[in-house]
Amino acid sequence: MAREYRPEEIEEKWQRVWEEREVFRAVEDPQKSKYYVLEMFPYPSGRIHMGHVRNYTIGDVIARYKKMRGFNVLHPMGWDAFGLPAENAALKHGVHPADWTYDNIAYMRRQLRRLGFSYDWAREFATCDHEYYRHEQLFFIQMLERGLAYRKKTLVNWCPSCHTVLANEQVEGGACWRCGTEVTQQEMEGWFFRITAYAEELLQGLEKLRGKWPEKVLTMQRNWIGKSEGAEIDFEIEGLPEKLTVFTTRPDTLYGVTFISLSPEHPLAERLAEQAGKLAEFKAFRERCRRARREIEEGLAEKEGFFLEAYARHPLTGERVPLYAANFVLMEYGTGAVMAVPAHDQRDFEFAKKYGLPIRVVIRPPEGDLDPETMEEAYEAPGIMVNSGPFTGLPSERGKRAVVEYLEKEGLGRAKVTYRLRDWGVSRQRYWGCPIPVVYCERCGVVPEKPENLPVKLPLNAQLDEAGRSPLPKLESFVKTTCPRCGGPARRETDTFDTFVESSWYFARFACPEAREPLDREKVHYWLPVDQYIGGIEHAILHLLYARFFTRVLRDLGYLELDEPFERLLTQGMVIKETYRCPRHGWVYPEEVSPEGTCLKEGCGERVQVGRPEKMSKSKCNVVDPDEMIRRYGADTVRLFMLFAAPPERDLEWSDHGIEGAHRFLKRLYQLVMERAEALRGVSPYSGDGKELSPKLRALRRKTHQTIRKVTQDLEERLHFNTAIAAVMELVNALEDTLKEVPEGAPGALSVFKETLRTIVLLLSPMTPHLAEELWQALGEKGLVAEASWPIWDEEAAREEEITIVVQVNGKVRDNLHLPAGVSEEEVRTAALSSERVKRHLEGRHIRKVIYVPGKLINFVVG
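Residues numbered from 1 in each chain as written. Predicted model: local features only at pLDDT ≥ 70, side-chain atom pairs only at ≥ 80, totals over all residues. Heavy atoms only, no water.

(A) Summary view of the side chain of R639. Note that R639 resides in helix α19 (residues 635–644). Given a relative accessible area of 0%, R639 falls into the buried group. Engagement of the side chain of R639 in a polar contact is seen with the backbone oxygen of P766, the distance being 2.9 Å. For R639, the side chain forms a polar contact with the main-chain oxygen of M767, separated by 2.9 Å. Setting aside residues no more than four positions away along its own chain, R639 makes contact with T57, D60, R64, L115, G116, F117, P766, M767 and P769. (Helix = DSSP H or I, 4+ residues; strand = E, 2+ residues; numbered from the N terminus. Buried < 20%, exposed > 50% of the residue type's maximum accessible area, 1.4 Å probe, protein only. Polar contact = N/O pair within 3.5 Å; in protein donor to acceptor, adjacent residues only side chain to side chain. Contact = heavy atoms within 4.5 Å.)

This is the structure in structure tokens:
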């Protein structure tokens with residue numbers, strides 16, 4: 001074996017061995033406990049970046065560790081290959097999305113293999129493979145039969161840059177989640193999944209995930225689902241036979257209604273405007289509201305209304321209530337109509353002030369009254385009901401129930417629960433996606449494709465529009481077809497599925513990727529749920545919520561037997577790096593900055609501004625190429641640095657000095673083992689009770705077993721890889737110190753050294769697997785370290801022979817006592833009172849209280 005650490009040779013060698021021996025092949029075994037580790041799979045739209053490396057390294061450590069603990073581990077990898085990211089990248093480079101996607105998959109696969117991840121590559125698939133998406137099309141047909149998929153015309157979010165509809169969850173701050181273009185509102189036909197049918201179940205399911213998922217993710221989903229409990233109240237409309245139903249969470253304020261606000265999209269609003277002869281003005285108002293949707297949703301737009309010249313009748317008082325279309329009322333929330341109580345709702349208060357509408361107080365604070373003439377803002381807190389007929393005097397919280405009970409008794413309203421969650425719009429007007437398997441027949445209407453005709457394949461001969469518009473509507477060979485029901489002429493749906501449909505069930509397909517049917521029930525029952533899922537918090541609402549919904553759908557379709565897809569979730573932080581900006585050239589790369597801090601680009605010489613660390617991006621020139629780092633330092637160094645630099649849930653700031661330090665440590669460890677490999681190869685690890693060993697060898701054994709305990713707890717309980725690695729580094733230091741002081745010929749020395757080095761290799765093997773295999777072989781151990789058992793600490797060997805007790809007087813440290821382990825409180829007190837340093841601070845003072853923390857501290861409180 002080479003005396004010099006050559007990572008590239010070592011890593012390629014062991015990767016070949018793992019592949020040839022199929023070390024990470026996962027096979028169902030009912031006799032073994034399974035453990036399913038999964039990282040969110042990547043879009044193959046380019047090379048992997050350092051964020052990928054961090055995510056996948058974390059997953060690989062968990063997978064390898066669990067395998068060593070005796071679990072039957074499933075750790076798969078695949079490609080989220082459909083959708084806008086791949087299509088946009090392909091358009092930019094002037095190639096077909098299929099060519100772009102599969103070329104990138106091949107390149108990225110090589111990169112991942114070079115990092116030594118323990119994937120079962122036999123389970124690999126891409127979601128653009130028709131053998132994958134044909135099952136998805138079958139799910140859609142079955143959802144259609146159950147009413148969980150449907151088509152409707154509605155106002156949708158439209159991205160003019162991407163030329164496609166977006167789901168509500170894909171609009172961030174009024175802009176497209178992918179390109180940042182401001183989203184507009186358009187009325188279109190489209191396909192929807194009825195996720196609202198599972199709103200309550202999705203909400204309740206979050207409670208089962210408490211303590212297993214980050215609380216921030218649970219809160220984000222809880223707020224997005226947005227459960228509201230209140231009442232629906234019916235108002236009669238003058239001159240019309242139907243009633244207007246409003247939803248309110250404050251039925252206790254019903255007597256304070258002075259007008260009603262309708263969404264400009266409410267169908268009744270246009271009818272009333274036409275009845276009043278104001279249709280043109282109303283449509284202009286509605287269009288202004290649509291254009292300002294972003295500002296309205298963010299609460300930035302000024303309140304604006306349109307009087308519909310119509311009135312409703314208050315259900316309890318009979319009073320005439322004017323009807324307004326208001327820009328702040330959204331059709332998709334509640335019923336699209338809101339009873340306005342200006343005294344107790346700030347939006348209504350501002351609207352009433354602007355349009356000179358009455359303000360009527362019906363809830364007063366517990367400590368006093370309110371004057372509507374002098375109020376400067378709405379009073380929205382609970383209080384006592386006033387001016388509310390028979391309910392006057394009731395506390396408002398009790399009044400809510402009392403009013404609803406009365407409305408139900410009189411047939412004027414009903415208790416109602418609503419949700420902010422809207423149905424998931426899955427139609428996309430783009431090419432690179434899974435075709436929606438329905439046809440339109442003049443005789444039969446909308447007809448699903450027959451299951452035996454699936455998949456409806458995406459035609460790969462389509463010529464893409466440079467602007468990104470889908471070519472499918474103009475591709476006659478795809479559009480023209482026959483009706484599956486009557487055999488007559490029909491046209492295919494040309495919308496494709498939202499890319500999040502593919503990622504909503506891929507984790508289940510990994511359990512049985514070779515199955516002819518969508519899911520092999522026996523295999524998915526064995527492997528699911530995913531025990532540890534890893535990915536970015538940016539997917540908290542989109543992917544994670546959709547996957548939870550889809551799991552329940554597949555359960556109800558009979559494919560799965562579980563409610564939640566992911567048992568535990570880790571949201572890793574970003575990889576960040578400082579930025580450099582030149583006044584002339586803008587963002588510049590670190591190598592374009594001189595040691596003196598000036599720009600080297602084109603001989604510029606301008607002083608460069610160093611910015612705060614930000615997420616790595618090519619646009620800001622602060623990326624680090626994983627290939628270059630692997631070439632320079634080796635995969636194990638890159639892995640070690642990514643794990644050591646920060647806890648997994650925190651952002652990791654890239655440091656050239658840090659990766660250099662990680663490389664030096666591995667070189668040092670390599671030399672440490674290789675210099676002693678010959679002497680240790682035939683030696684058995686120490687297994688005695690340690691009584692015959694010298695104090696220094698006993699101390700090394702104690703440190704060894706304490707390190708096993710520390711690393712095991714860090715990996716098992718907290719996933720704190722950084723502190724686990726730090727503990728191993730401390731053990732290496734302790735070994736080196738002992739080697740300097742204890743000769744190899746000392747009784748038991750070689751066997752203790754062997755035990756320690758063997759332990760170091762085992763503990764580091766999930767983090768630096770290639771180096772671990774090389775050192776394992778050098779030490780003469782049998783088999784592969786990847787298939788070895790995790791070390792178990794000996795509690796007796798780990799026990800401290802001596803402990804340090806801090807002695808305080810009135811909270812100030814006065815001495816440190818070194819006492820035998822297991823010493824009693826009385827013995828500690830006696831020793832502390834005998835200390836000359838302590839006696840000086842107790843002299844002439846009365847001990848009022850003694851605080852003792854076993855094994856750590858004793859504090860004398862004196863007066």
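(B) Structural context of the packing of helix α6 (residues 199–208) against helix α7 (residues 215–225). Between α6 and α7, the shortest axis-to-axis distance is 10 Å and the interhelical angle comes to 160 degrees. As the angle between them shows, α6 and α7 are arranged roughly antiparallel. Where α6 crosses over α7, the handedness of that crossing is left-handed. Taken together, the residues of α7 that come into contact with α6 (itself represented by A199, L202, L203, L206 and E207) are L218, Q221, R222 and I225. Here the residues of the contact of α6 with α7 are counted per class, giving six nonpolar, one polar and two charged. (Axes fitted to C-alpha atoms, helices over the stretch in contact; angles between N-to-C directions. Parallel < 35°, antiparallel > 145°, perpendicular 65-115°, else oblique. Left-handed = near helix turned anticlockwise from the far one by under 90°. Nonpolar A, V, L, I, M, F, W, Y, C, P; charged D, E, K, R; others polar.)

(C) Local environment of the layout of surface pockets. Put simply, the second largest pocket is a space of about 1100 Å³. F328, L330, Y333, R347 and R420 are, among the 43 residues lining the second largest pocket, the residues nearest its centre. For the lining of the second largest pocket, the secondary-structure elements that each account for two or more residues are β5 (171–172), α7, β9 (243–248), α10 (293–297), β13 (337–340), α11 (346–355) and β16 (413–419). For the lining of the second largest pocket, the domains that each give at least three residues are domain 1 (137–194 + 423–459 + 467–499) and domain 2 (227–419). (1 Å grid on protein atoms, 1.4 Å probe; cavity = no way out; pocket = protein on both sides within 12 Å on 5 of 7 lines; lining within 4 Å. Points joined across faces, edges and corners; volume = space filled by probe spheres on them. Domains from an automatic or database assignment.)

(D) Seen up close, helix α9 (residues 279–291). In this model α9 runs 18 Å from its N-terminal to its C-terminal C-alpha over 13 residues, within 8% of the 18 Å that 1.5 Å per residue would give. For α9, the full list of buried residues reads F282, F285, R286, C289 and R290. Across the axial projection of α9, the buried residues extend over an arc of 140 degrees, all falling on one side. Exposed residues on α9 whose side chains face more than 90 degrees from its buried face are A280 and R291. (Expected span 1.5 Å × (residues − 1). Arc of directions from axis to C-beta.)

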